[in-house]
Amino acid sequence: MIHKMREIDIINSKNDIENTAELIQKIINEQRAIRRKDLILETKNKSDIGIATINRHIRILLKQNTIVQIRYPDYKKYGINKEDKKAVYLVLASDTEQAKHYDTIIAALNSEDSKVMKNAMIEIESFEDVKLLPGQLSSISDALKTADLPTCYQIVRVIWGHFEKLIFPSNLKQFEENLITCFERHRKSGISSENYNLRSHILNILGELDNPIVIKFLKLDIEEFNSAFLNNIQNQYSSFHLGSIIQKYRTELFNFSHELPDDKKTALFYIRVTSKNNAKLYAKNIGQFKEKLKEIKKEENLS
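This report concerns the structure included in the present document. Since the structure is predicted, the reported quantities are computational estimates derived from the model, not experimental observations.

**With respect to the overall build of the protein**
- If you tally the helices and strands in the protein, you get 15 helices and 3 strands.
- The buried share among the 303 residues of the protein stands at 45%.
- For the protein, the accessible surface area stands at approximately 16200 Å², while carbon and sulfur atoms represent 51% of it.

Structure representation (structure tokens):
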């Protein structure tokens, strides 16, 4: 009986060790990079495990090379914008190994050879649940300045997938410039499904970033596209992601509409009303984006 109880104790102890290690790795995976003191605090808040025990598990995971430390030169890669250059962060070793592979692919993505670029993009999209680092998202966005329409669409689709996971590029200012350049190059490439989706993703991202260039693009689209494309334009600019920026410039858009033909005036009115209503319906979704982006922009301004 005693022997059996000891066996149970050993099994329970093993389960506790595994559960603690899993919790630590889960928290690191969610944060991508986290300081040790913050990891200890968050682990403690999510369990009844003592600080000494958490520290011991962290040491074991470091010794096993399951998690690794990163220092200042690698901050940007992980989207860390901090003034304290002496801080040490913990990341999953699998992230660093995967990052090296993606770095090779991203270098190919910025090649001047269009075949190499497309092959690199296919490689990135072939991985299930791709999670690029913030620095890598910034790097792949550089290709938007020169890539053809199909490759741009693939790149933006990958970036948008990360936005939905609240993973953002490390250099937002440069990223926005790359998006704008891409949109301007392909804005009038027709409303094919590929170009329609490229435009939609870029507009949604710029809307979340509160970039007023969205208003300029809206005016140009309303003025330059003929009536046959108005329905497409209405659908694109009515997205809840654009509700905030369109409401911010509602007076400017109202004044702009005075000289428009009736059908275009009606389309613009529809966009203003629908985007506002959609923004209210999806306020919770928008809030997640805004809070995270606000935090990143604040850190970028400090660095």
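**Some thoughts on the packing of aromatic side chains**
- Counted by the stated rule, this structure contains 4 aromatic pairs.
- Taken together, the aromatic side chains of Trp160, Phe163, Phe168 and Phe175 make up a single cluster linked through ring pairs.

**Some thoughts on the packing of helix α6 (residues 134-141) against helix α7 (residues 149-164)**
- Between α6 and α7, whose axes approach to 10 Å, the crossing angle comes to 155 degrees. Judged on the interaxial angle alone, α7 and α6 are roughly antiparallel. Of the two elements, α6 crosses α7, and the hand of that crossing is left-handed. Residues Leu137, Ile140 and Ser141 of α6 pack against Ile155, Val158, Ile159 and His162 of α7.

**Concerning α6**
- Burial analysis of α6 places 7 of its 8 residues in the buried class, the great majority of the element.
- Taken together, the buried positions of α6 are occupied by Pro134, Gly135, Gln136, Leu137, Ser138, Ile140 and Ser141.

**Some words on the sheet that holds strand β2 (residues 67-70)**
- Taken in spatial order, the 3 strands line up as β1-β3-β2 in an open sheet, and their pairing is antiparallel. The strands lining the two open edges of the sheet, one partner per strand, are β1 (34-35) and β2.
- Across 4 bridges, β2 lies against strand β3 (residues 89-92) in antiparallel orientation. Bridged to Ile67 within β3 is Leu92.

**Digging into the pairing of β3**
- Of the two faces of β3, both are covered, the one formed by Tyr89 and Val91 as well as the one formed by Leu90 and Leu92.
- For β1 and β3, the ladder comprises 2 bridges, and the chain directions are antiparallel. Within the sheet, the bridge partner assigned to Ile34 lies in β3 and is Leu90.

The rules we used
- Residues numbered from 1 in each chain as written.
- Predicted model: local features only at pLDDT ≥ 70, side-chain atom pairs only at ≥ 80, totals over all residues.
- Heavy atoms only, no water.
- Helix = DSSP H or I, 4+ residues; strand = E, 2+ residues; numbered from the N terminus.
- Buried < 20%, exposed > 50% of the residue type's maximum accessible area, 1.4 Å probe, protein only.
- Areas by Shrake-Rupley, 256 points an atom, 1.4 Å probe, with all protein chains shown as cover.
- Phe/Tyr/Trp six-rings, centres within 6.5 Å; stacked < 30°, edge-to-face > 60°.
- Axes fitted to C-alpha atoms, helices over the stretch in contact; angles between N-to-C directions.
- Parallel < 35°, antiparallel > 145°, perpendicular 65-115°, else oblique.
- Left-handed = near helix turned anticlockwise from the far one by under 90°.
- Contact = heavy atoms within 4.5 Å.
- Pairing = 2+ DSSP bridges.

Keep in mind these numbers describe shape, not what the thing actually does.
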